Amino acid sequence: MAAFGGISAVLQFAGQFLPRSFAVPGAVTVASAAACLAWGLGRARPVAQVQQVFRRPDMTVVVESGDVFDESAHLVVGFCDTFDTASAGGAVINGDSVQAQLLARRYGGDVQRLDAELSAALAAVAPVAREDRDRKPLGKLDRYPVGTVAVLGTRPQLVFGVAYSRIGNDCVAASSTEDLWSALSRLWDAMHRHAQMGRVAMPLVGSGLSRLDHLDQDSLLRLILMSFVARSRESAVCRELRVVVRPADLERINMREMAAFLSALASGLDDT
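(A) Broad picture of the side chain of E131. If you trace the backbone, E131 turns up in the loop between strand 4 (129–130) and strand 5 (142–143). A relative accessible area of 12% places E131 in the buried class. Not counting residues up to four positions away in its chain, the partners in contact with E131 are K136, L141, R143 and N169.

(B) Main features of the nonpolar core. W188, M191, M202 and L225 are the most contacted members of the largest nonpolar core, which totals 45 residues. Among the elements of the structure, strand 1 (49–54), strand 2 (59–65), strand 7 (159–167), helix 5 (177–194), strand 9 (199–203), helix 6 (217–232), strand 10 (240–245) and helix 8 (255–271) are those that each provide at least two residues to this core. Ignoring any residue separated from it by four or fewer positions in sequence, one finds L225 in contact with V61, V63, V243, M258, F261, L262 and L265. If you look at the next biggest cluster of nonpolar residues, it comprises 21 residues, including L102, L122, Y144 and V159.

(C) Just helix 3 (residues 98–105), in detail. Taken residue by residue, helix 3 has Q99, A100, L102 and L103 as its buried positions. End-on, the buried residues of helix 3 take up no more than an arc of 155 degrees, which puts them together on one face. Buried residues along helix 3 sit in contact with strand 3 (74–80), helix 4 (111–121) and strand 7.

(D) Quick peek at the side chain of T85. Looking at the element boundaries, T85 is found in the loop between strand 3 and helix 3. On the basis of relative accessible area, T85 is assigned to the buried category, the value being 6%. A polar contact of 2.6 Å, which involves the side chain of T85, links it to the side chain of D115. When near neighbours in sequence (up to four residues on either side) are disregarded, T85 contacts F79, I93, Q99, L103, V111, L114, D115, L118 and K140.

(E) The environment of V53, seen in detail. Mapped onto the fold, V53 is located in strand 1. We classify V53 as partly exposed; its relative accessible area is 44%. In this view, V53 contacts M59, T60 and A266; residues no more than four positions away in its chain are not counted.

(F) Examining the pairing of strand 3 more closely. Judged by how many residues are buried, strand 3 sits mostly within the fold: seven of seven residues are covered. On strand 3, burial covers both faces: H74, V76, G78 and C80 on one face and L75, V77 and F79 on the other are all buried. By the bridge criterion, two bridges tie strand 3 to strand 9 in an arrangement that is parallel. By the bridge assignment, H74 is partnered in strand 9 with V200.

Conventions and cut-offs
- Sequence positions are assigned chain by chain, starting from 1 and proceeding in written order.
- Only residues with pLDDT of at least 70 are given local features in this predicted model, and only at 80 or more are side-chain atom pairs given and counted; all residues enter the totals for whole chains, interfaces and linings.
- Excluded from the side-chain calculation are hydrogens and water; included are all heavy atoms of the structure.
- What counts as a helix is a DSSP run of H or I of at least four residues, what counts as a strand is a run of E of at least two, and both are numbered from the N terminus.
- The cut-offs for exposure are 20% and 50% of the maximum accessible area for each residue type, with area from a 1.4 Å probe on protein chains only; residues under the lower value are buried, those over the upper are exposed, and the others partly exposed.
- We call two residues contacting when some pair of their heavy atoms lies within 4.5 Å.
- Nonpolar core, defined: a set of buried Ala, Val, Leu, Ile, Met, Phe, Trp, Tyr and Cys residues in which side-chain atoms within 4.5 Å join the residues together.
- The directions from the helix axis to the C-beta atoms form the arc being described.
- In protein, a polar contact means a hydrogen-donor-capable atom and an acceptor-capable atom, both N or O and within 3.5 Å, with residues adjacent in sequence counting only if both atoms are side-chain atoms; elsewhere, any N or O pair within 3.5 Å suffices.
- One requirement defines pairing of two strands: DSSP has to find at least two bridges between them.

Everything listed here is a matter of coordinates, which is why it stays silent on function.
Rendered as structure tokens:
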């Protein structure tokens, strides 16, 4: 209907300057309907990727559908505050989570190697609490501050493990908007120090089992992008951030509106 209104306005204006013998009403109607249909189908076609280039600082933000582990980039993976790794049959770490895929696909299922790297990365961070084994029968016992970032692996594909949720002794994880915003701020700081301006890929953290149910995927993505752009106003974090959305979650995100949202963020950043 929007296309029909636009075409009608153009035809009415142009018709004033064309001879009556030039117009063929039937042909004009068919051509107009075809143009409207083509425009509508184009608008309805699913968008799998949006990209926005920023000038100040020089960086690119991409939101796309796919598998984050297929990206040739540093990787962001969400953890709970105990940095648990063993799944215990799915009781602690869900087998479908990005964290479980990290163990399987980057570490070949070698829990000991992943735990050793986590211990080395967290050596300088003091736990805020330690649970009793009687109260927490499964998983690790040391609790680290929400927002703690463990940098794992080697370049050019580091893993930034960020704790953005708290796991209860019943193995149920929970987070909040404040926790996620704080964790993202510390994540960008760690990327600024260690990523050496390389490309970084991250999943839609918070969309899984962290109980951020009050934020849908669209709102969660906007929060992540706003946090990244806000931090980039202070100093560049990386040259390219790619937020990789699972294909199953893509239908819950209006990618065309997300493109407009990114464009508005870029305009505001470039104008400052």
